[in-house]
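For reference, the chains in residue letters:
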Amino acid sequence: MRLELVRRAWANPELTCSVLADGLDVPMSTLSNHWRILREAGLISMTVDGRHRRIRPRADDLHDRFPGVLDPILRLGTAESLNTGLL
């Protein structure tokens, strides 16, 4: 689930949590926990926009710290999403 959320955030930076999670059959409380874990892990940052939270991938930081690692992981996430029907 987290890999799918990160993949969606990378493909659509600056969208809100709820838009990025659209179509996933997961309770909002569970999604909130996933977003928190991803934020604490340093994969995303979150900004408040009124009642919404906008997700921004920390792409530059991650590419600097782990060059060449992120792209294959995100491609794997896309392949898994296609196989499980999440897309």
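Read on for a plain summary of the structure. (Residues numbered from 1 in each chain as written. Predicted model: local features only at pLDDT ≥ 70, side-chain atom pairs only at ≥ 80, totals over all residues. Heavy atoms only, no water.)

## With respect to the side chain of Thr-16
Thinking step 1. Summarising the element assignment, Thr-16 is placed in the loop between helix H1 (2-11) and helix H2 (17-20).
Thinking step 2. If near-sequence neighbours (up to four positions away) are discounted, Thr-16 is found in contact with His-52, Arg-53 and Arg-54. (Helix = DSSP H or I, 4+ residues; strand = E, 2+ residues; numbered from the N terminus. Contact = heavy atoms within 4.5 Å.)

## Some remarks on the nonpolar core
Thinking step 1. Membership of the largest hydrophobic core comes to 17 residues, with the highest contact counts inside it found for Leu-5, Trp-10, Leu-24, Leu-31, Trp-35, Leu-38 and Ile-55.
Thinking step 2. Elements with a minimum of two residues in this core: H1, H2, helix H3 (28-40) and helix H5 (70-84).
Thinking step 3. Looking at which element gives the most residues to this core, the answer is H1, with four residues.
Thinking step 4. Not counting residues up to four positions away in its chain, the partners in contact with Trp-35 are Leu-5, Cys-17, Leu-20, Ile-44, Met-46 and Ile-55. (Core = buried A, V, L, I, M, F, W, Y, C linked by side-chain atoms within 4.5 Å. Buried < 20%, exposed > 50% of the residue type's maximum accessible area, 1.4 Å probe, protein only.)

## With respect to H3
Thinking step 1. Compared with an ideal rise of 1.5 Å per residue, which puts 13 residues at 18 Å, H3 spans 18 Å between its outermost C-alpha atoms and is within 8% of the ideal.
Thinking step 2. Within H3 the residues assigned to the buried category are Leu-31, His-34, Trp-35 and Leu-38. One face of H3 carries all of its buried residues, which in axial projection span an arc of 100 degrees. Among the exposed residues of H3, those oriented more than 90 degrees off its buried face are Ser-29 and Glu-40.
Thinking step 3. Buried positions along H3 lie against H1, H2, strand E1 (44-49) and strand E2 (52-57).
Thinking step 4. One or two residues past the end of H3 sits Gly-42, with phi positive at roughly 85 degrees. (Expected span 1.5 Å × (residues − 1). Arc of directions from axis to C-beta.)

## Section: the pairing of E1
Thinking step 1. Judged from the six bridges that link them, E1 and E2 form a sheet pairing that is antiparallel. Bridging from a neighbouring strand, Asp-49 pairs with His-52 of E2.
Thinking step 2. Counting the residues that bridge the hairpin from E1 to E2 gives two residues, and of these Gly-50 lies at a positive phi of roughly 70 degrees. (Pairing = 2+ DSSP bridges.)

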